[in-house]
Amino acid sequence: MTIGRFDTPSAVVIGPDEGESLWQPLPSRGYVTVNLTPANTPYDDFSSGIQVLPPGCSVRDHGHRQNHELIFVYEGRGRCTIEDRTYDAVPGTTILFGRHAVHRLENTGDVDMKLFWVFFPPGLEDWFRAIGRPRTPGQPMPDAFPRPEHVREVQERMRFVVPQASVAADAAARAAALGAAGASPAGDPATGPTKELR
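Residues numbered from 1 in each chain as written. Predicted model: local features only at pLDDT ≥ 70, side-chain atom pairs only at ≥ 80, totals over all residues. Heavy atoms only, no water.

S.K.: Looking at this structure, I do not really get the environment of Ser10. What am I missing?
M.R.: On the secondary structure map, Ser10 appears in the segment before strand 1 (20-23). In sequence terms Ser10 and Pro42 are 32 residues apart; their C-alpha atoms lie 7.7 Å from each other. Within polar-contact distance, the side chain of Ser10 engages the side chain of Tyr43 at 3.2 Å. (Helix = DSSP H or I, 4+ residues; strand = E, 2+ residues; numbered from the N terminus. Polar contact = N/O pair within 3.5 Å; in protein donor to acceptor, adjacent residues only side chain to side chain.)

Structure (structure tokens):
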């Protein structure tokens, strides 16, 4: 029998624009770059990356039934609401959302709000893949697009806490984005049918 060594040093370095990058739907827009996951590190208990929220955009109310989420704001400014209590989110702000804590982030400034996130146990990367679209660094932001039609199924599978107001907001955002793009619910004319999960 061979036993691996557990005292061998290990490290992973991901440079700017080397992670998996994904455009995000309304109301977040902007993009996420997933840098560290169990797939590219020797660690199984977290994932991390960055998120860029353009001015006026937000991460809508939600929580996580089985995960904790750590956010560090390193550029831009906005507001963070946790369970109906609002905090300023300025560069240098660290925020920890525990399990079940319903939270929202909003960019209230006039420049991009940039966040470093850590999610433990991992899984946030799966959410971003399920609702996002591939991004190539340097490409211009695409027209606004809605979350996929099956977003509730994805949230349930990933054990999200979804306030009822967020359900209504999803429907309104989807209708607005589809109306602005001249699309039908069957798909986006620029990209074809809405991406389904496998």
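S.K.: Teacher, can you tell me more about the packing of aromatic side chains here?
M.R.: Within a pair of aromatic rings, the relevant descriptors are the distance that separates the centres and the angle that separates the planes. As enumerated under the stated definition, the model contains 4 aromatic pairs in all. Ring geometry for Trp117 versus Phe128: centroids 5.6 Å apart, planes at 55 degrees, classification tilted. Here Trp117, found in strand 10 (residues 113-120), pairs with Phe128, found in helix 1 (residues 124-131); they are 11 residues apart in sequence, far enough to count as distant. Phe128 carries the same exposure label as Trp117, and that label is buried. Sitting above the plane of the Trp23 ring, Arg135 keeps its charged end 5.3 Å from the centroid. A cation over a ring is seen here: Arg135 above Tyr31, with NZ or CZ 3.5 Å from the ring centre. (Phe/Tyr/Trp six-rings, centres within 6.5 Å; stacked < 30°, edge-to-face > 60°. Buried < 20%, exposed > 50% of the residue type's maximum accessible area, 1.4 Å probe, protein only. Lys NZ or Arg CZ within 6 Å of the ring centre and 35° of its normal.)

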